[in-house]
Protein chains: 2
Amino acid sequence: MEHGFIAWAKQRAMRLPKVKLGIGDDCALMASDGSDWVVTTDSLCEGTHFILQECGPLAVGKKLVGVNLSDLASMAAEPAAVFLSLCLPRKHADRLGAEIYEGVCQACQDYNVAIAGGDTNVWDGPLVVHMTAIGTARAQGSWLRSGARPGDKIVVSGHLGGSLLGKHLDFEPRLKIAQALYPLGSVQAATDISDGLGVDLLNITVASRCGAEVDLDRIPISDAAIEASQTSGQSPLEHAIGDGEDFELLMAVDPAKIAELPSEVDGVPLTVIGTFVSRTGLWSRNKRGVMQLQPRGYVHGS
Amino acid sequence: MEHGFIAWAKQRAMRLPKVKLGIGDDCALMASDGSDWVVTTDSLCEGTHFILQECGPLAVGKKLVGVNLSDLASMAAEPAAVFLSLCLPRKHADRLGAEIYEGVCQACQDYNVAIAGGDTNVWDGPLVVHMTAIGTARAQGSWLRSGARPGDKIVVSGHLGGSLLGKHLDFEPRLKIAQALYPLGSVQAATDISDGLGVDLLNITVASRCGAEVDLDRIPISDAAIEASQTSGQSPLEHAIGDGEDFELLMAVDPAKIAELPSEVDGVPLTVIGTFVSRTGLWSRNKRGVMQLQPRGYVHGS
C-alpha cells in the first residue's frame with residue numbers, strides 16, 4: 001500500500017516554511033538558521049522485519065539504528081542523534097528493553113551518534129521498535145531522489161540480493177561512502193536500497209521524471225543471492241534486483257566526472273550498472289537487447 | 001519500569017555536543033546555529049493507550065498529535081513539524097491508515113504544524129502509532145523540569161482527574177497557555193501532566209532537587225474525577241492526584257511575579273496549588289496539617 005498512501009498523504013499534508021522537503025524522499029529537510037536538519041523515521045515490527053527468537057534483541061537494536069542511519073547516508077547527511085521508542089511485550093519487558101537498548105548503544109557508539117531521548121511502553125502485543133534519527137545537512141545541499149538527469153550513470157555500492165540470509169540484520173549504513181563521495185560533487189541523486197534495486201531505482205526515476213536503463217550483466221550479485229537462488233526458484237539476478245533490505249547506496253553520478261569515482265571506498269566496491277535515460281520507465285540491457293524491466297525483479301528468460 | 005530504565009538509559013547513552021539536553025525531560029534540545037530544536041517522541045499502543053473499537057481511528061490520530069504537542073508545550077517550544085509512523089494490522093490496513101492520517105491532519109491543521117514525513121508498515125499485530133514532533137525553542141531558553149526553586153509556586157492549568165472518561169482522547173495541548181505565559185518570564189520549570197499530578201510533580205522535584213507541598217483543598221478537581229469516583233472506590237481528590245493523561249501544564253512560578261499570573265488563559269483556569277520547598281519529597285497540606293503525599297494519589301482519610 002505504501003506508494004499510493006504516500007502520494008495521497010503528501011497531497012493531504014500541510015506545508016509550512018520550516019519544512020523544506022516533506023513526505024516522499026528518504027528523509028525530510030527542516031530549514032534552520034544554520035545548517036538544515038535532516039530527519040528520518042522507521043519502525044521495525046516483530047514477525048515482519050525480524051524474528052525475535054532467531055536474531056535476539058541485540059540485533060534488533062542494531063538493525064534499527066542501521067536502517068535509520070542508512071536513510072541519512074542516502075541524503076549525505078551527518079548523523080547527530082537518535083530517539084528510540086519501544087513497545088515491549090509484557091513478558092520479560094525489562095530484560096528485553098535493556099538488551100535492545102544495548103544494541104542501539106553499541107551501534108550508536110560505532111557511528112558516533114547520541115541517543116537523545118525516547119519513550120518506553122509495555123503492552124500486550126508483539127515487539128515494535130521505533131526510531132527517529134536527526135542529522136545535519138551538508139552545506140552544499142543534500143542528495144535527493146529527484147536530482148537524476150538523463151545521461152547520469154547508475155552506481156551502486158556493495159553486492160546485491162539475498163539479504164534475508166543475514167545481511168538485513170548485520171549491515172553497515174553507507175555513511176563512509178557518502179562522506180567520501182560528497183566532496184567530489186558528482187552525485188546528482190541518491191537513495192538507499194531498502195525495497196530492492198528495481199523498486200528503489202524506480203523511485204529515483206519517478207522523482208527525477210526520467211527513466212533508467214540497467215546493464216543486467218553489470219549488477220554486482222552477492223554470494224547470498226546465489227545461495228538463496230538454490231532453493232527459491234528465482235535466479236541470483238532476480239534476487240539482486242528484487243530483494244529488499246540491501247541498504248546499499250543507489251546513486252545517479254554525473255557522467256562527466258565518472259572517471260573520478262573511486263572503484264571502492266573502504267573495501268566496498270562502487271559499480272556502474274547503467275544509465276539514466278529520458279524515456280521513462282525501467283529498462284534492461286543485455287546481450288539480447290533492451291527490454292522493459294520489472295521492478296520486483298522478474299527477468300525474462302534469466 | 002519506565003523510571004529505572006530511563007535512569008539507566010541516561011547513564012548508558014553517549015553525549016555529543018549537538019545534544020544540549022538528552023534523556024529525562026519532556027523533550028530533548030538540539031543545539032543549532034540559530035534557534036535550538038526541541039524534539040519529542042511518543043507511541044500509542046492499541047489496548048494500552050486507546051481501545052480502537054470504542055474510539056475509532058480518527059481519535060487515535062488526534063490523540064497522537066495532542067500527546068506530542070503537549071510535550072512541546074511543556075517546554076514552551078513552538079511546534080514546527082511532525083513525523084508519523086504507523087504499524088497497521090493487515091485487515092483493512094488501507095482504510096485504517098487513511099482514517100488515522102486524517103485525524104493527524106485535522107489536529108495538525110488546528111495547531112499549524114506540518115506533517116513532514118513518516119513510515120507505514122503492515123503487520124500481524126495490533127495497531128501501534130508513533131510520532132516524533134519537532135519544534136523551535138524560545139530564544140530566552142526552554143522551560144525544563146529542573147528549574148524549580150524552593151519558594152516557587154506550584155501552578156496547574158485546567159481541572160484534573162477522570163481523564164479516562166473522555167478527555168484522554170479529546171484534549172487541547174496547552175500551547176496557547178505556554179505562549180501566553182512565556183513572555184511574563186515567571187515560569188521557572190514545567191512539565192505536562194501525563195502520568196498524573198503526583199508523579200509528574202515528583203518528576204519536577206527530583207529534577208530540581210527540591211520538594212513540594214501541595215494544598216489539597218486547592219487542587220482543581222474535574223467533573224470527570226467526581227463521576228469516576230462514584231464507581232471506582234477512589235475519592236475525586238485521589239483521581240485528581242493519581243490519574244494520568246490530563247495533559248495539563250504543571251509549572252513552578254516565581255513567587256515575586258505570582259500576582260502577574262492571569263487567573264485564566266483562553267477560558268482555561270490557572271490555579272496555585274502549593275509551593276516548592278527545600279525539604280525533598282511530596283507533602284500535602286490541608287486543615288489536618290502536613291503529611292507525606294503518595295504520588296499515585298492515595299490520600300489518608302480523604
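Just so we're clear, the structure is a prediction, and the values are computed from it rather than from any experiment. (Residues numbered from 1 in each chain as written. Chains lettered and ligands numbered in written order. Predicted model: local features only at pLDDT ≥ 70, side-chain atom pairs only at ≥ 80, totals over all residues. Heavy atoms only, no water.)

1. Some details on the overall build of chain A
So, point 1. Secondary structure assignment for chain A yields 7 helices and 14 strands.
So, point 2. In terms of overall size, chain A behaves like a compact globule, its C-alpha atoms giving a radius of gyration of 19 Å where 302 residues would be expected to give roughly 19 Å.
So, point 3. Projecting the C-alpha coordinates of chain A onto the three principal axes gives extents of approximately 60 × 55 × 40 Å.
So, point 4. By the burial criterion, 60% of the 302 residues in chain A qualify as buried.
So, point 5. A separation threshold of at least 6 residues defines the contact pool for chain A, and within that pool the share at least 24 residues apart is 81%.
So, point 6. A total accessible area of about 11900 Å² is found for chain A, and carbon and sulfur atoms account for 49% of it.
So, point 7. If you average the places of the 25 positive and of the 36 negative side-chain charges in chain A, the two averages end up 7 Å apart. (Helix = DSSP H or I, 4+ residues; strand = E, 2+ residues; numbered from the N terminus. Rg over C-alpha atoms; globule rule 2.2 N^0.38 Å. Buried < 20%, exposed > 50% of the residue type's maximum accessible area, 1.4 Å probe, protein only. Contact = heavy atoms within 4.5 Å. Areas by Shrake-Rupley, 256 points an atom, 1.4 Å probe, with all protein chains shown as cover. Lys, Arg positive; Asp, Glu negative; His and termini not counted. Charge placed at Lys NZ, Arg CZ, Asp CG, Glu CD.)

2. As for the sheet that holds strand β3 (residues 37-45) of chain B
Residue and element names in this part refer to chain B.
So, point 1. With respect to topology, 6 strands assemble into an open sheet ordered β1-β2-β3-β6-β4-β5, the strand pairing being mixed. One side of each edge strand has no neighbouring strand; the edge strands of this open sheet are β1 (19-21) and β5 (114-123). Strand after strand, the sheet turns through a mean of 25 degrees between neighbouring axes, direction not considered.
So, point 2. As judged from the 9 bridges shared by β3 and strand β6 (residues 128-136), these two strands associate in the antiparallel manner. What sits directly across from Thr41, in β6, is Thr132.
So, point 3. Lying over the sheet, helix α2 (residues 52-74) contacts β3, β4 (78-89) and β6, oriented at roughly 145 degrees with respect to β3. (Pairing = 2+ DSSP bridges. Axes fitted to C-alpha atoms, helices over the stretch in contact; angles between N-to-C directions.)

3. Section: α2(B)
Within an α-helix, residues lying three or four positions from one another point in the same direction, as the helix has 3.6 residues per turn.
Residue and element names in this part refer to chain B.
So, point 1. With 23 residues, α2 extends just 28 Å between its outermost C-alpha atoms, more than 12% less than the 33 Å of an ideal straight helix rising 1.5 Å per residue.
So, point 2. Buried residues dominate α2, accounting for 18 of its 23 residues.
So, point 3. Two residues or fewer after α2 comes Ala76, characterised by a positive phi angle close to 65 degrees. (Expected span 1.5 Å × (residues − 1).)

4. Focus: the relation of the copies chain B and chain A
So, point 1. Laying chain B over chain A is done by rotating through 180 degrees and shifting 0.0 Å along the axis; what remains is an RMSD of 0.0 Å. As the rotation angle and translation indicate, the two copies are arranged about a two-fold axis.
So, point 2. In this assembly, 99% of the residues forming the interface of chain B have copies in chain A that are likewise at the interface, indicating an isologous arrangement. (Least-squares fit on C-alpha atoms with pLDDT ≥ 70 in both.)

5. What to know about the domain arrangement of chain A
Often, the extent of an interface is quoted as the loss of accessible area upon association of its parts.
Residue and element names in this part refer to chain A.
So, point 1. Domain boundaries assigned for chain A yield domain 1 (2-136) and domain 2 (145-292).
So, point 2. Distance between the C-alpha centres of domain 1 and domain 2: 24 Å.
So, point 3. Counting from both sides, the interface comprises 20 residues of domain 1 and, opposite them, 18 residues of domain 2.
So, point 4. Across the interface of domain 1 and domain 2, roughly 1600 Å² is buried in total on both sides, 59% from carbon and sulfur atoms.
So, point 5. The residue Glu245 makes a salt bridge to Lys63 at a minimum N-O spacing of 2.7 Å.
So, point 6. One can count 3 residue pairs in polar contact (both at pLDDT 80 or more) joining domain 1 with domain 2.
So, point 7. No other element matches the 10 residues that helix α2 (residues 52-74) contributes to the side of domain 1 that touches domain 2.
So, point 8. Of the residues assigned to the side of domain 1 that touches domain 2, the class counts are 10 nonpolar, 6 polar and 4 charged. (Domains from an automatic or database assignment. Buried area = accessible area lost by both parts, 1.4 Å probe. Salt bridge = Lys/Arg side-chain N within 4 Å of Asp/Glu carboxyl O. Polar contact = N/O pair within 3.5 Å; in protein donor to acceptor, adjacent residues only side chain to side chain. Nonpolar A, V, L, I, M, F, W, Y, C, P; charged D, E, K, R; others polar.)

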